[in-house]
Number of protein chains: 2
Amino acid sequence: MASARATIYQVAQRCGVSTATVSRAMSGGAGMSVDTRRRVLATAAEMGWVPNGSAKALASNRTGILGVLFHDLDSGNDPLLDSPLYLDQVLRGAEQATTGVGDALLIAATRGRSGRDLAYSVAGKADGLVLFARSLNRADTQALASMVPIVTVGRAGSRWPHDDISVDNRGGMRNLVEHLLEQHGLRRLAFVSGPPRTPDSIARFAGFRDALIAAGLPAPDKPDADGGFTESGGEQAAESILTGDRQVQAIVCANDEMAIGVRAVLAARRLRTPADIAVTGFDDISASRHLSPSLTTVHQPMHEVGSRAISLLLQRLREPTKPRTSVVLATESVIRRSCGCRRPPARPPERSMSDGLRRTRSSRTPTEQ
Amino acid sequence: MASARATIYQVAQRCGVSTATVSRAMSGGAGMSVDTRRRVLATAAEMGWVPNGSAKALASNRTGILGVLFHDLDSGNDPLLDSPLYLDQVLRGAEQATTGVGDALLIAATRGRSGRDLAYSVAGKADGLVLFARSLNRADTQALASMVPIVTVGRAGSRWPHDDISVDNRGGMRNLVEHLLEQHGLRRLAFVSGPPRTPDSIARFAGFRDALIAAGLPAPDKPDADGGFTESGGEQAAESILTGDRQVQAIVCANDEMAIGVRAVLAARRLRTPADIAVTGFDDISASRHLSPSLTTVHQPMHEVGSRAISLLLQRLREPTKPRTSVVLATESVIRRSCGCRRPPARPPERSMSDGLRRTRSSRTPTEQ
DNA sequence: GCTCCTCACGTAACCGCTTACGTTAGTTAA
DNA sequence: TTAACTAACGTAAGCGGTTACGTGAGGAGC
């Protein structure tokens, strides 16, 4: 049953036309009578014929497949590389954009695989690729880019010649810290960073400084502690900050997981959040709204990252020579309670993200350059 | 650069051999001298040649692509259908198994798409498909199955003729409830179910009854309330249970989200968990360990579901006529604090799932029939 | 020395579709 | 009436691999 699939020849014969006509019927029916087309389509359906994808791809030089490459599908085991905490959101966005044009979505992990291997098993099967930021080094990226068009994610400032889609990490953090400064009048803020050399980590710290400087406050040269983007790293960071002689009013974390670790330490020391020390995160992972108090953080539009990445790819496929496009998406502050805000009165509607919170967009609106 | 890719002819010519030899070299090198093979491989690498996937697929009748179909990549908007809360875990398992044999992974959502559409855009591009439980109706499933081998997820008991991989929902719930009965001596348990007709919901309620019956307690015919697998549904269920005249000691929920809703209501009513009323969930979503008290629940081996689904598919591809295989994977009770257990002494190691908890496997070990 | 293998490789027929180009019949314009 | 189009379809040459089969050289066995 799974074998013996019909071919275009059989459909053509059964319908008394040529294979060209059948092919035309399947692809829009340009240059043929509506009547013939109807007949062809009918017999095709009747015979349960579906064109062979490989043959189609070979002849038309289009596979109808778009690929997305992550460093790893796992959730952030290696924080030095991109941790697809948002895997589902990104994929959903990508999937929708992809099926929207009738294409299919291929996903793969790059961890430990060479560019050549990927070229063989992925690039050779797709019309284009979306590469998550640090999932691949330069040489391997080149290897893939020489085969198919690619768009990168999170390479906004770089000199890479590919289309790019990024999130405004810097503006997002600045926005959040401004909330702390302006709404809560906090002044002594500590910053817990992620791994030193990651772009996200750097950008978020920069946003932190932006806010302080804009408020006329002294801005530190470096983070108060490095939490490595992990929960336990956040714990250690908190210990080191609390042990120091500096009296802090808030601990600003470069991601939610570290904020969770920080909060655990505060709780263990009988320090109240936010009364004694406010805590904020970044990412808006699902656990954040379930903490008590719920975590004030920054939400990234990962669904949109996925869908726009695919859009960029499709554009590039359509216009191979058009100039590079770089899109930066705005983030949104998710104001919950760990910053000191009171619980809003109304109960939220069904399972929404807006569980009684206020939102502010980072000043940087979606931008194309 | 992305154009003008070399073909096997050019490689053959440059190397002074025939295309057949090049092809042989690329596929293991059987029946040729090691020396020639080395030469071919060298010039191929030198020319940066990677075989055209479509041509290869057409000629060999193998795409080297495996597909996974979900109802939707979104997280459970429609609880009547499968909600891939575990999307990332499943995909990771599937991806590893797939990459392990050099294949690539295709993913797609079935929501709102016809079997014919899917056959066209997905089945035609893959060697086989993994279908999540209720992602497709019978007719559409048939349409796909007539094109390529498929394995289903969560159809263990059914008469569907396909290989299947399922999780032991029933045993998992039974195991958890036994913990409540035996370790905590609880007797008056309320059950909050998911949507009435979903297999998971039914199986979990059955497990609940199993435990009661095994303990010689009266078992209800139907759940105390239907929470529809959603947080707000859980809230309503809790209200109705607490309003009733029955004095319950514990509220057993068919999933974690409802448990979260239940806990919110208990908290609002100043009822302590677990002191006044214990609460348990099912699924072990990431938020569960961050609740206070942390949620006792049941963990499903979704990573393994993904990897074994692919394994089954690969087996079937190798042996098209072998008898149907149905695998049922055991779940694991994740004992945290909402059931009444005290927080274990030692601090957990780095970001592990084993955040100070005890685990018990559901009695049903992985089974093949 | 001759036959018969075996090994290593070349030849070429596909795989199932797309599409440039050719063909035919029917229309239109002069 | 006829040349010039045009619409609607057929012909067949690829697309870039795989692989059954053919072939020649070298070695083994007699």
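Up top is the structure.
For the rest of this paragraph, the subject is the protein's contact with DNA strand C. Within the structure, DNA strand C sits among 25 residues, and Ile8(A), Ser23(A), Ser18(B), Thr21(B) and Thr36(B) are positioned closest to it. Protein-proximal atoms of DNA strand C, defined as those within 4 Å of the protein, fall in sugar or phosphate at a share of 61%. Contact distances for DNA strand C include 3.0 Å between a phosphate oxygen and a side-chain N or O atom of Trp49(A). In this structure, Thr21(B) approaches DNA strand C through a side-chain N or O atom, which is 2.4 Å from a phosphate oxygen. Mapped onto the surface near DNA strand C, the elements with two or more residues apiece are helix 1 (8-15), helix 2 (19-26) and helix 4 (53-60) of chain A together with helix 2 (19-26) and helix 4 (53-60) of chain B. Partitioned by chemical class, the residues of the surface near DNA strand C number 12 nonpolar, 11 polar and two charged.

Looking now at the protein's contact with DNA strand D. Inspection of the region around DNA strand D gives 26 residues, with Ser18(A), Thr21(A), Thr36(A), Ile8(B) and Ser23(B) positioned closest. Backbone atoms, meaning sugar plus phosphate, form 59% of the atoms of DNA strand D positioned within 4 Å of the protein. Between Tyr9(B) and DNA strand D, the recorded distance is 3.4 Å, taken from a side-chain N or O atom to a base oxygen. At a separation of 2.9 Å, a phosphate oxygen of DNA strand D approaches a polar side-chain atom of Trp49(B). If you list the elements that add at least two residues to the surface near DNA strand D, you get helix 2 and helix 4 of chain A together with helix 1 (8-15), helix 2 and helix 4 of chain B. Per-element tally for the surface near DNA strand D: the top contributor is helix 2 of chain A, with four residues. A per-class count over the surface near DNA strand D returns 13 nonpolar, 11 polar and two charged.

A word on the interface of chain B and chain A. Every contact between the two is made by 64 residues of chain B and, on the other side, 63 residues of chain A. Surface buried jointly by chain B and chain A totals about 5400 Å² across both partners, of which 53% is contributed by carbon and sulfur atoms. There are two salt bridges connecting chain B and chain A. One salt bridge in this structure joins Glu231(A) and Arg289(B), with 3.4 Å as the shortest N-O distance. Put simply, the parts of the chain that give the side of chain B that touches chain A at least two residues each are helix 3 (34-47), helix 4, helix 5 (87-100), strand 2 (104-109), helix 6 (115-121), helix 10 (231-243) and helix 11 (256-268) of chain B. Residues that form the side of chain B that touches chain A fall into these classes: 28 nonpolar, 19 polar and 17 charged.

With that out of the way, let us pick up the pattern of salt bridges. When their charged atoms lie close together, side chains carrying opposite charge are able to pair. Residue and element names in this part refer to chain A. All chains considered together, the criterion is met by 32 salt bridges over all chains. With a shortest N-O distance of 2.6 Å, Arg-170 and Asp-210 are connected by a salt bridge. Taken together, the residues span a long stretch of sequence, with Arg-170 in helix 8 (residues 169-183) and Asp-210 in helix 9 (residues 199-214) at a distance of 40 residues. Given the relative accessible area of 43%, Arg-170 is considered partly exposed. Its salt-bridge partner being Arg-308, residue Glu-304 comes within 3.8 Å of it at the nearest N-O pair. Of this pair, Glu-304 and Arg-308 are both found in helix 12 (residues 302-318), four residues apart, which corresponds to roughly one turn of the helix. By relative accessible area, Arg-308 is classed as partly exposed at 23%. Within this structure, Arg-62, Asp-103 and Asp-127 form a network of salt bridges that share partners.

Turning our attention to the environment of Thr98(A). All names here are of chain A. Tracing the backbone through its elements, the reader meets Thr-98 in helix 5 (residues 87-100). A relative accessible area of 1% means that Thr-98 is categorised as buried. Placed 215 residues apart in sequence, Thr-98 and Leu-313 show a C-alpha to C-alpha distance of 10.0 Å. Here Ala-94 takes part through its backbone oxygen, which lies 2.5 Å from a polar atom of the side chain of Thr-98.

The rules behind each value
- Residues numbered from 1 in each chain as written.
- Chains lettered and ligands numbered in written order.
- Predicted model: local features only at pLDDT ≥ 70, side-chain atom pairs only at ≥ 80, totals over all residues.
- Heavy atoms only, no water.
- Near = heavy atom within 4 Å.
- Polar contact = N/O pair within 3.5 Å; in protein donor to acceptor, adjacent residues only side chain to side chain.
- Helix = DSSP H or I, 4+ residues; strand = E, 2+ residues; numbered from the N terminus.
- Nonpolar A, V, L, I, M, F, W, Y, C, P; charged D, E, K, R; others polar.
- Contact = heavy atoms within 4.5 Å.
- Buried area = accessible area lost by both parts, 1.4 Å probe.
- Salt bridge = Lys/Arg side-chain N within 4 Å of Asp/Glu carboxyl O.
- Buried < 20%, exposed > 50% of the residue type's maximum accessible area, 1.4 Å probe, protein only.

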